[in-house]
Amino acid sequence: MSMLTPPGMGGRYRITGKRFPHMRRPRNRRRIVLAAVSSSAALALAGWGTFQLVDVFTGGPSETQAHGAGAKGGKGAKSGDCKAGADEGAEPKPLPRPGDITVNVFNATPRGGLAKITADELQSRGFRIGKVGNAPALYDKKVEKVGLLIGAPTAAEGALRVIGTQMAGAEIKNDQRDTDEDVDLVIGNDFKELTARKDADRALTDMGVEPGEGPPPSESPSSAPPSPSKKASPAPRPSKC
């Protein structure tokens with residue numbers, strides 16, 4: 001009988017062997033710890049999710065943080081900010097004056113003399129005149145509208161805008177010429193005459209361009225034949241002594 005057996009007890013109540021029952025601590029503390037850890041993790045996850053939602057609906061990090069990141073290592077952000085500042089501070093390029101623009105006048109209609117008349121009128125308005133004549137085969141008898149204004153892509157917001165005030169309704173087209181101060185004016189079948197000078201000058205003034213001034217257009221040649229010049233009478237011979 002073991003020493004742990006109470007007196008008077010035996011039989012099946014006898015304690016035998018070398019292993020003895022031990023009292024275990026209750027498991028309630030472990031459950032409490034697990035519940036606390038789980039609650040902390042859930043709160044952390046909920047807080048992180050809320051931060052992400054706020055970040056999405058507010059459009060990302062603040063402007064200060066964005067600039068700070070660009071200043072530290074964001075090479076693209078830094079260059080983008082500089083470029084934006086340069087674009088905002090740049091002044092628009094002034095439009096050229098009529099005297100700075102060379103206009104080549106071509107006639108694409110079957111009517112003769114339009115190129116010369118139009119060129120003279122443009123010259124009287126201060127434009128420089130280049131080539132004058134019939135339109136090249138690419139446009140000859142193929143321009144149905146009022147006309148074409150052709151120039152370099154860089155002239156779209158410069159010389160072409162200025163010459164466009166002189167021919168209302170003309171179509172603007174770009175080609176690959178080198179200079180933006182040399183433009184072509186191609187007269188089309190619907191052309192009657194240039195825009196009235198007072199209206200063209202008003203349009204130039206509204207654009208901030210001073211209207212030009214040139215020599216008056218040359219008069220059209222008269223159809224009457226010139227009068228024959230009188231022959232000078234021969235000088236009298238000196239008298240002999």
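Please refer to the structure placed before this passage.
Below you will find a few notes about this structure. Within each chain, residue numbers correspond to sequence positions counted from 1 in written order. Where totals are concerned, whole chains, interfaces and linings use all residues; where local detail is concerned, this predicted model gives features only for residues with pLDDT of at least 70, and gives and counts side-chain atom pairs only at 80 or more. The side-chain numbers reported here are obtained from all heavy atoms of the structure, hydrogens and water having been left aside.

1. Some remarks on the side chain of Thr102
What counts here: Where helices and strands are cited, they refer to DSSP runs of H or I of at least four residues and of E of at least two residues respectively, numbered from the N terminus. Definition of a polar contact: a pair of N or O atoms within 3.5 Å, with one able to donate and the other able to accept a hydrogen when the atoms are protein atoms, and with sequence-neighbouring residues admitted only if both atoms are side-chain atoms. Residue contacts are counted whenever heavy atoms from the two residues lie within 4.5 Å of one another.
Secondary-structure assignment places Thr102 in strand E1 (residues 102–107). Reaching out from Thr102, the side chain makes a polar contact with the side chain of Arg128 at a distance of 3.4 Å. Discounting residues that sit within four places of it in the chain, Thr102 has contacts with Arg128, Ile129, Gly130, Glu181, Asp182 and Val183.

2. With respect to the pattern of salt bridges
Put simply, the rule is: Here a salt bridge means any side-chain nitrogen of Lys or Arg lying within 4 Å of a carboxyl oxygen belonging to Asp or Glu. Accessible area is worked out with a 1.4 Å probe on protein chains only. A residue is then buried under 20% of its type maximum, exposed over 50%, and partly exposed in between.
According to the stated counting rule, one finds 10 salt bridges in the structure shown. Note that Glu121 and Arg125 form a salt bridge whose closest N and O atoms lie 2.9 Å from each other. For the salt bridge of Lys141 with Asp140, the shortest nitrogen-to-oxygen distance reads 3.0 Å. Residue Lys141 is classed as partly exposed on the basis of its relative accessible area of 44%. Residue classification places Asp140 among the partly exposed positions, given a relative accessible area of 25%. Salt bridges sharing common partners tie together Asp175, Arg177 and Asp184.

3. Structural notes on the sheet that holds strand E5 (residues 182–187)
Put simply, the rule is: Strand pairing follows a simple DSSP-based rule, namely that at least 2 bridges must link the two strands. Note on geometry: axes are C-alpha line fits, over the in-contact stretch for helices, and angles between N-to-C directions span 0 to 180 degrees.
If you walk across this open sheet you meet the 5 strands as E2-E1-E5-E3-E4, and the pairing is mixed. For this open sheet the edge positions go to strand E2 (128–134) and strand E4 (171–174), each flanked by a neighbour on one side alone. Each adjacent strand pair in this sheet contributes to an overall mean axis angle of 20°, direction not counted. One ladder, built from 4 bridges, connects strand E3 (residues 147–151) with E4; its direction is parallel. Across the sheet, residue Ile150 finds its bridge partner in E4, namely Lys173. Against the sheet, helix H4 (residues 114–124) makes contact with E1, E2 and E5, and its axis sits at roughly 155° relative to E1, the strand it touches most.

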